[in-house]
Amino acid sequence: MVDIVGPLIANQTALTTAGWRVEIIPAADHMAAMQAAVVLPLLTDWLQHPQPE
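Residues numbered from 1 in each chain as written. Predicted model: local features only at pLDDT ≥ 70, side-chain atom pairs only at ≥ 80, totals over all residues. Heavy atoms only, no water.

Draft legend 1. Molecular detail of the pattern of salt bridges. Counted according to the given criterion, the structure contains 2 salt bridges. Among the salt bridges present, the one from Glu23 reaches Arg21, with a minimum N-O distance of 3.1 Å. Across the salt bridge formed by Asp45 and Arg21, the nearest N and O atoms sit 2.5 Å from each other. Taken together, the positions of Asp45 in helix α4 (residues 36-48) and Arg21 in the loop between α2 (12-17) and α3 (30-33) put the pair 24 residues apart, joining distant regions of the chain. Take Asp45: its relative accessible area is 27%, and that puts it in the partly exposed class. You can call Arg21 partly exposed: its relative accessible area is 28%. The structure contains a network of salt bridges with shared partners spanning Arg21, Glu23 and Asp45. (Salt bridge = Lys/Arg side-chain N within 4 Å of Asp/Glu carboxyl O. Helix = DSSP H or I, 4+ residues; strand = E, 2+ residues; numbered from the N terminus. Buried < 20%, exposed > 50% of the residue type's maximum accessible area, 1.4 Å probe, protein only.)

Draft legend 2. Focus on a nonpolar patch on the surface. On the surface, Leu40, Leu43, Trp46 and Leu47 cluster together into a nonpolar patch covering about 420 Å² of accessible area. With respect to the element layout, Trp46 can be found in helix α4. (Patch = residues over 30% accessible without salt bridge, like charges linked within 9 Å, V, L, I, M, F, W, Y side chains within 5 Å. Areas by Shrake-Rupley, 256 points an atom, 1.4 Å probe, with all protein chains shown as cover.)

Draft legend 3. Fine view of the confidence of the model for the protein chain. Averaged over all residues, the pLDDT of the protein chain is 88; the fraction at 70 or higher stands at 96%. Within the protein chain, α3 has the poorest average pLDDT of any element, 86, and α2 the best, 95. (pLDDT = per-residue confidence, 0-100.)

Take a look at the structure:
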């Protein structure tokens with residue numbers, strides 16, 4: 001199994017400082033986190049509120 005969230009959490013501050021929006025979905029593995037019911041609200045919010053350049 002590949003740890004995806006570990007490096008994301010470890011580098012969250014650097015990523016947000018660089019302008020990335022980081023969303024950690026608690027208690028969800030990759031299969032659970034990619035379900036439409038989980039990801040669509042995040043994507044909709046992201047599309048409606050883009051980060052300033």
